[in-house]
Structure formats: C-alpha cells, structure tokens
Amino acid sequence: MLRHGDSPDSFSFPFALKSCASLSLPISGSQLHSHVIKTGCEPDLFVQTSLISMYSKCSLIDNARRVFDENVHSRRLTVCYNALLAGYTHNSQPLKAMLLFQKMFSSDVPFNNITMLGVIPACVLPENIRFGMSLHGCNVKCGTDCDSFVVNSLLTMYVKCGSIELARKLFDEIPQKGLISWNAMISGYAQNGLATQVLDLYGEMKKIGVEPDPVTFVGVLSSCAHLGAQRIGFEIEQRIARSNFGANTYLTNALINMYARCGNLTRARKFFDEMVEKNIVSWTAMIAGYGMHGHGDIAIELFNEMKLTGIRPDGTAYVSVLSACSHAGLTDKGLGYFKEMERDYGTRPGHEHYACLVDLLGRAGRLQEAQELIDSMPVKPDGAVWGTLLGACKIHGDVKIAELAFERVIELEPTNVGYYVLLSNIYTNAENMEGVARVRVMIRERKLRKEPGCSYVELKGRVHLFMAGDRNHPRTNEIYEMLIRLEELIEESYGTEGKNEKLRRSEETTSTSAGVHSEKLAVAFGLLNTTADTEIVIIKNLRICGDCHLFMKVVSKVVNRGILVRDASRFHHFKDGTCSCNDYW
C-alpha cells in the first residue's frame, strides 16, 4: 500500500495492528503506531483499541497504558477500558486490572460482559476472592450473569481460588449447563483433590447425555488415579477408543498416569510404547510409575533413553528419577543425577530435589551427610526437607538428629501433626517414655488433631471408602468377623510370635481413638469380595504405619494372596510375607 503511494486510514490500521499482535511483532506494531500519529488517525476509537490490544499482546503493557492515558476520549469509552483490562490480565498484572476496573466504575463508565471477561480472570488467586465476589454481585445486579461466558468465567474463578462450595452453588444455579461448565466443575474438583465428587459429577453428566471431550476425560482420569478406580478408568479408555479424538497426547498421558498409579504398570507401559510421539510428560509419568513401584533400575533405563531421544529433562523429570533411585536404594546413581542436573542441563535444584536427596542418603543410613547437605543448601530448607530427615531418623533410630530435625520442621509447619507423631514413634522405639510424654503434651496444648486415615478399594466399578474404626459400611459385621479370622490364622501359623504381634500396636494406633486402621478394614473387605487368584489393591491417603505394614506382610503369607497398597509415599507389593519396600518407606 505504501509503495503504491496510498495512505492507510482508520479502517486499514486496525487490521494491520491485529496482525502484529497475532504474530508478536512489537517493532512492526510500533512503526505502525508512528504512521497512526502521522496520519492523524490516533483519536479513532477502533485504532485506539487496536493499539492497546497490540501492545498488550506483545507484552508491552506500559505502552498500552500510555496510549490509554494520552487520549482523553479513551477514559470515557468502555471498549478502551475493556482492551486494557484484558491486557493487564494477559500480562499477569491482576492488581492493576482490579484498580482499573474500580476507576472505570467510579467514573460511571458503563461496563458489559466483555469487561467482565477481562477482569474476572484477574481474581483467580485466593487473596482476590472478595473482589471476585463483588464482581459476581455486579453481574447479578446488571443482568450480565445471564451470559454463559461470564458465568463460566466466574465458575473458573471460584474453582481456582479453592472456593469449591461457591463454585458448586453457582454451577447448580446454571439453568442450561454447557460442556464448558461441566468441565470447569470437574476440573475444579480434581485440582482440589475431591476425586469422589469428580466421579459423582461424571456419573450425572452421563445420565443426562452430555457428551464429554478430552478435557473432561483428563479430569476424570486424574481422579481415577487418585482413588485407584481402575475399572472406571478402563471404561473411559474404551469410550476414548470409540470417539473421534484421534491420537491425543494429553489423553494418552492421562491414561499412562492413571494405570501406573492404580498399580497396573503393564497396561501403562503398553500405552507408553504405542505412542508415536512422546513428550516430556509421557516419559516423566512412566518413570514416576516405575519409581513408585520400586523398579528403580527400569526407571533409570527409561530416563537415560529419554535423554538419548533428544528430550531435555526438566525439574519434574529429575524429581521422578531421584525419587525412583531413593525407593530402590540406588544411592550412587541418585547422587550422580543430582550433580548432572545443573552441570549438564542448567536445572537448578529446588526444595523437592533436595528432599529426594535427603531421602536417598537417609535410606543408606548416611544421616550426618544428609544433615550437612541441608545445612549447605543455597535456599532455605522447607518443611518437606526437614521432615524427610526426620523420617529417615525413625528408620535408623537416631534420636539426636531427629530432635534437631523436629525443631526445624515445626518452626516451618507448626500445625503438621504428622511430624509430632513421627518424633513420638522415634522416642517409643528408643524406649524414651519421657520424650513421648513431652510430645503428647505439645499436641494437646496446641490442639492438634491427626488427619483421619482412609483407604479405598474398587469393586465392580464402585469405589468403597473406609475410615479408621469405620462401622458404616453395609457389610461391617462380616468385615470385622474376617479380621478376627485373620488374627486367628496369624496365631495358628506363627504361634507365640503371632500372638505377640497381635498385641503389638505402634504409636499410630495408640494415638488415635478411631480403632482399627482403614487399610485393615479394606483388606478384609477385599478378601470377602474377590477370588483367590485376584490381587487386592488398596489406596491409602496417609503413610502406612508399622503395625499395618507388618499385618499386610503376615496376611499375604497366611492367605496366600498378593496385596498391593499405595500409601502417600509409594507402592507396597506384599507377597509371601515380604514387601517390595524391604521395610523402608
């Protein structure tokens, strides 16, 4: 146009500026801005908004604000406010977006649904929830809450702020829910660890005939992984196969993760091997899966193979391989990977990497070395790092280092009752009853309560939940009768030793009035409802205690059954009286 001697006008500039924004060409956009000024088109409404949008999308938000401030007309126009609001949100400047909306509101500039779509996403952090709720009120008052895009934006806001009850209330009030609304609610439940609610909502969705998409399936599969609901995950796998989604990497990665975390490594590996193009998430999911099951050698093999394919390992991949080395006791290998992180790939170790290394050294009994590592950390150690050292002290019975680790960890996480119980167990094992009493006083004075233990068992596509001391299950009487029979079998098989083990109860049991731990109820239920050739799979929310760990080992031998328990740390494969963790977890 310029070469032919034609001059651009207020009609042509917006199209050119939009192209610069789409292609992220800030220099070309600035040159166009010069032409705008030269031709006198700057006051034009469409040119103004195009300039603000262009600078915003090119990450030059200060330039966008300058354009807005320099034109008197902009400060009275809804469309200019909308462009700048969207720009602040796009450039992760929520506070400025909220302040701009307040200015717009106080200046009596009318707002519309586009305004809301620009400012609501600025309120997705928990500290901004009150402002988000006031926006919700503005929408109700002005009638923009009827717009499905605005409602879905509000729903997403509540979900990301962790205000799940408010999100569900809004969801239930939507008269005609579209797929985006269902997905937002499912993703919200999944991201907040409410896996049971995800499966319930997915069931409702199926009943009324709403067709899911890959986003739905990813959320549901992550919840199946959380609960160990492999049967439901398999049904979703079949639905995906019948759909026209094609080779969807996100779905395949979700299936790999689901099967690995449900204990079915064979099927997880099948999907992994069949992938035409594997990304870093695919490799990491498979490495983490093998690591959780204690197959450190295979995890290392995969990690090295990934590097040979040209994929650079990131921080998450290193956490997976370091964790795998720790679970398998491969100390030297793990130390080697830790050193190569920054040296070869420029990945600076974070708290999670140091926690893995402390666990690695702790497993090998190198507690002094682990403590020295923590003292030399370039960043301040967090609770997880000190907590890992405390856990290692329990395995090796080192009271002195345990007391130091405990002092540090409760400075960072004073309300985490798990650390108090851990120190109490260490004192118990050392027969230091005075120490046990001190810890109990601390727990009582600080009014701390232990997180209730729960275990899940899937049977015929339904997930059964058991709490510690649970008596709410329809088959409660049969479950407790089975437990009595198991105790009798243990006594018959192990004689006096079995009787002593029956009486033995660790601190985890005596510190709660809940009674029988949830995993014992779960294994009894599994034995009642499965055939002799079936492995019993149990998912537990907390770390399995010493008493239950011993119980599972003995039961696996006396009933000749494989028992698979996934606790908060790893998988435990119990068979013939032994565990795959070699009693270190």
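Keep in mind that what you see is a predicted model, and the values were worked out from it rather than measured.

(A) Spotlight on the sheet that holds strand β1 (residues 454-459). Strands sit in the order β2-β1-β3-β4-β5-β6 across an open sheet of six strands; the sheet is mixed. Each of the sheet's edge strands pairs with one partner strand only, and the pair in question is β2 (462-467) and β6 (578-579).

(B) Molecular detail of helix α8 (residues 129-142). In this model α8 runs 20 Å from its N-terminal to its C-terminal C-alpha over 14 residues, within 8% of the 20 Å that 1.5 Å per residue would give. Inspection of α8 places Ile129, Phe131, Gly132, Leu135, His136, Cys138 and Asn139 among the buried residues, and these make up the whole buried set. Projected down its long axis, α8 carries its buried residues within an arc of 165 degrees, all on one side. What points out from α8, more than 90 degrees from its buried face, is the exposed set Arg130 and Lys141.

(C) Fine view of the nonpolar core. If you look at the biggest cluster of nonpolar residues, it comprises 149 residues, and the most contacted ones within it are Phe101, Met116, Ile236, Leu389 and Phe406. Take this core: its biggest share by element is eight residues, from helix α25 (residues 417-429). Listed in part, the 30 residues of the second largest apolar core include Ala524, Ile536, Cys548 and Cys581.

(D) Quick look at the packing of aromatic side chains. In total, this model carries 15 aromatic pairs according to the counting rule given. With 6.0 Å between their ring centres and 10 degrees between their planes, tyrosine 259 and phenylalanine 271 make a pair best called stacked. Of this pair, tyrosine 259 sits in helix α15 (residues 249-261) while phenylalanine 271 sits in helix α16 (residues 265-274), and the two are 12 residues apart along the sequence. For tyrosine 259, a relative accessible area of 1% corresponds to the buried category. Ring pairing ties together the aromatic residues Phe101, Phe105, Phe111 and Phe131, which thus form one cluster. Directly above the aromatic system of tyrosine 480 lies the positively charged group of arginine 471, at a separation of 3.9 Å from the ring centroid.

(E) Region of the structure containing the UniProt feature "domain: DYW" (unreviewed entry) in the chain. Mapped onto the present numbering, the UniProt feature "domain: DYW" (unreviewed entry) falls at residues 516-585. End C-alpha to end C-alpha, residues 516-585 measures 21 Å, and it is 36% helix and 23% strand.

Rules used in this analysis
Residues numbered from 1 in each chain as written. Predicted model: local features only at pLDDT ≥ 70, side-chain atom pairs only at ≥ 80, totals over all residues. Heavy atoms only, no water. Pairing = 2+ DSSP bridges. Helix = DSSP H or I, 4+ residues; strand = E, 2+ residues; numbered from the N terminus. Expected span 1.5 Å × (residues − 1). Buried < 20%, exposed > 50% of the residue type's maximum accessible area, 1.4 Å probe, protein only. Arc of directions from axis to C-beta. Core = buried A, V, L, I, M, F, W, Y, C linked by side-chain atoms within 4.5 Å. Phe/Tyr/Trp six-rings, centres within 6.5 Å; stacked < 30°, edge-to-face > 60°. Lys NZ or Arg CZ within 6 Å of the ring centre and 35° of its normal. UniProt positions renumbered as here; feature names shortened; annotations may be inferred.

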